[in-house]
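Spelled out, the chains give:
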Amino acid sequence: MLKFSGSSVFGGVAIGKLFIFQKNENKVERRHIEDVEKETERFEKAKEKALEQLQGLYEKALKDVGEANAMIFEVHQMMLEDLDYQDSIHYMIKEQQINAEFAVAQTSDNFAEMFAAMDDAYMQGRAADVRDISERLISILTDSQSSLDVFQEPVVIVAEDLAPSETVQFEKDKLLAIVTRQGSANSHTAILARTMDIPAVIQADIGLDPEYNGKTVIVDGFTGDIYLDPDEETSKVMEAKLADCLAEKELLQQLKGKEDVTLDGKHLKLYANIGNPGDVANVLRNDARGIGLFRSEFLYLESEDFPTEEEQFKAYKAVAENMAGKKVIIRTLDIGADKTVDYFKLDEEENPAMGYRAIRICLTQQEIFKTQLRALYRASNYGQIAIMFPMIISVEEVRKIKKIVEEVKAELTELAVPFKDVELGVMIETPAAVMVSDELAKEVDFFSIGTNDLTQYTLAIDRQNAKLGDFYNAHHPAILKMIEMVVKNAHGAGIWAGICGELGADLSLTETFLKMGVDELSVSPAMVLRVRKIIRETDTSK
Amino acid sequence: MKTFDYTITDPEGIHARPAGLFVKEAGKFASKITIAKDGKEVDAKRIFGIMSLGVKKDNTVTLNIEGDDEEEAFTALEAFFKENL
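Because the structure is predicted, anything quoted here is derived from the model rather than measured.

*Asks:* What is the right way to read the sheet that holds strand 13 (residues 423-428) of chain A from this model?
*Replies:* What links the strands of a sheet is backbone hydrogen bonding, and the strands pair in either a parallel or an antiparallel sense. Read around the closed barrel, the 8 strands follow the order 9-10-11-12-13-14-15-16 (chain A); overall the barrel is parallel. The mean inter-strand angle of the sheet, taken between neighbouring strand axes irrespective of direction, is 25 degrees.

Put into structure tokens, the structure is as follows:
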């Protein structure tokens, strides 16, 4: 048995035959040709065939992974039809009297270099697209069969890296897992693996040894471990893990559409956390009843300057509309501490976690805050939006916020811009907010407990500091007592309280939270059905 | 000849896909259509050319349209920019 490892981008267990996927190393030879017309026609035919293949891939991707992921093949078709690209190939065939595949390879290099030289990361990445379409043409011209069509039974693919067109080409039911030697967690392949729901491991230290082909391999997508020729004991353990996995998947699927209610009839709102509008599909697929935390930072982090009201409005509106009337709680910007952006021009701080961040920026630089609030209120007209404010420590802050909110509403009313009533809530993530939660509860419509920061501030432990691991206790009684206190104070004022931090998805605490009377849990989309399972098995009266 | 300037508002600028869609739209007309940024002018019917301009948000591009159907092309392409970019 040989053991390899990499980093996991999607969980699950796969057992099957290994297949080394090598790109067609199309070594193109330069040949002198006599009949220019015939060679030109060869190219034209290959181009038509490539366009057909791409159309096929587009339709397949549309069905398997959705429009957003399929678009790449539409773009590839457009690139293939680009006149500059074609002219270059035609010209080389004619003037240099060279074979079509060599003309394609040359042109490919030239165009890829042009993109690689651009000062924009996105455009630099397009060099790969040029190579992808050119490889396709060359494969057709040299009549080399794509190695993808070879395997008949489901396999675990091991490759250096995979281009999107390659990933999608695999028949879904023939693909057990993906292992690549390169790749990043945000690469197209990783995203597709998640969408296709198969285990994927990247940056694996496995060699592409042809000897491995056809051997039995086990991929543990949870740990990132890969076992080649597994021994009996490993096989046994992993088979059990696979069986558990399948059983759980099955079970979770059955939980879709079921209510979030305990055996003794207590209801809980089970929402999901998201970081950008693209995550909504995941929320809906996992059947969350709403979005309990929509982090608005992506708008600021992905931008080179302050995002405009219009840009923000579009993003919020899209999420509100896609959630079709389900609640969407959007947290106002939480920049600062570990999330910094150049154009905010924040000073270096000795202690950024306790520094100028989140609501403190908003209350100081009110124009930034107002722009976001205007966008949020405008979007409120398209769904059920709620707003929550991070890093609150005092009642005065909340009153200031509410005053600014009233100003924004008045401005919109004056401009006759329609908006709906929006629930306003605060994050409870500082010990101060916990201690004055009885006062805060009178000012807002809901609480959402951010356990990550709350734990860090309460225990005075930086979670990134590996040395402190022994001291850190996520279940520290101080935290649990704080949550209980916050819930009690919320209910005392007639408002609801939820948890949106990591602790909310801690299955060993779900019962405790239910007994405390927590009204809402907001967890990552993948955890929704797992939490639902526990809720439905819990009896809080016992 | 018809001409117009447009300042890109789409946060992603003219990415591959909008470039492709624009080429498709421009291809519907017989007129010669060019798009220029900072003095560099390319044929608006060629996707790689447009992408090579590297147009980002807040950049201003100039379109020049010349030919028999320039009126129609002008209306259609201006609408395309406003709607998609």
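Back to the write-up after that little detour.
*Asks:* Before we go on, may I ask you to explain the sheet that holds strand 2 (residues 32-37) of chain B in this structure?
*Replies:* Residues and elements named next belong to chain B. Reading across from one edge, 1-4-2-3 is the order of the 4 strands in this open sheet, with antiparallel pairing throughout. Each edge of the open sheet carries a strand with a single partner, namely strand 1 (2-7) and strand 3 (40-43). The mean inter-strand angle of the sheet, taken between neighbouring strand axes irrespective of direction, is 25 degrees. Pairing between strand 1 and strand 4 (residues 60-66): 6 bridges, direction antiparallel. Bridged to Tyr6 within strand 4 is Val61.

*Asks:* Would you explain helix 12 (residues 309-322) of chain A in this entry?
*Replies:* Residues spaced three or four apart along an α-helix point in a common direction, a consequence of the helix completing one turn every 3.6 residues. All names here are of chain A. In this model helix 12 runs 20 Å from its N-terminal to its C-terminal C-alpha over 14 residues, within 8% of the 20 Å that 1.5 Å per residue would give. Considered for burial, the residues of helix 12 that qualify are Glu311, Gln312, Phe313, Ala315, Tyr316, Val319 and Ala320. Ala324, located one to two residues past helix 12, shows a positive phi value of around 45 degrees.

*Asks:* Can you walk me through the environment of A:Trp496 in this structure?
*Replies:* Residue and element names in this part refer to chain A. Positionally, Trp496 belongs in strand 15 (residues 496-499). Apart from residues lying up to four places away in sequence, Trp496 is in contact with Lys269, Lys327, Ile329, Glu423, Asp445, Phe446, Phe447, Ala490, Asp519 and Glu520. Separated by 3.4 Å, the side chains of Trp496 and Glu423 make a polar contact.

Calculation notes
Numbering of residues starts from 1 in each chain and follows the order in which that chain's sequence is written. A letter from A marks each chain and a number from 1 marks each ligand, given out in the order of writing. Local features in this predicted model are restricted to residues whose pLDDT is 70 or higher, and side-chain atom pairs enter the listing and the counts only when it is 80 or higher, whereas totals over whole chains, interfaces and linings include all residues. Side-chain measures were taken over the full set of non-hydrogen atoms in the model, leaving aside hydrogen atoms and water. Here, a strand pair is defined by DSSP locating no fewer than two bridges between the strands. The numbering of helices and of strands both runs from the N terminus, where a helix is a DSSP run of H or I of at least 4 residues and a strand a run of E of at least 2. Axis definition: a line fitted to C-alpha atoms, over the contacting stretch in the case of helices. Angles run 0 to 180 degrees between N-to-C directions. To estimate the expected span of a helix, count its residues, drop one, and scale the result by 1.5 Å. When a residue's accessible area, from a 1.4 Å probe over protein chains only, is under 20% of the maximum for its type it is buried; when over 50% it is exposed; and in between it is partly exposed. Residues count as neighbours in contact if any of their non-hydrogen atoms are within 4.5 Å of one another. Side-chain atoms alone can form a polar contact between residues adjacent in sequence; in general such a contact is a pair of N or O atoms within 3.5 Å, and within protein one must be able to donate a hydrogen while the other accepts it.

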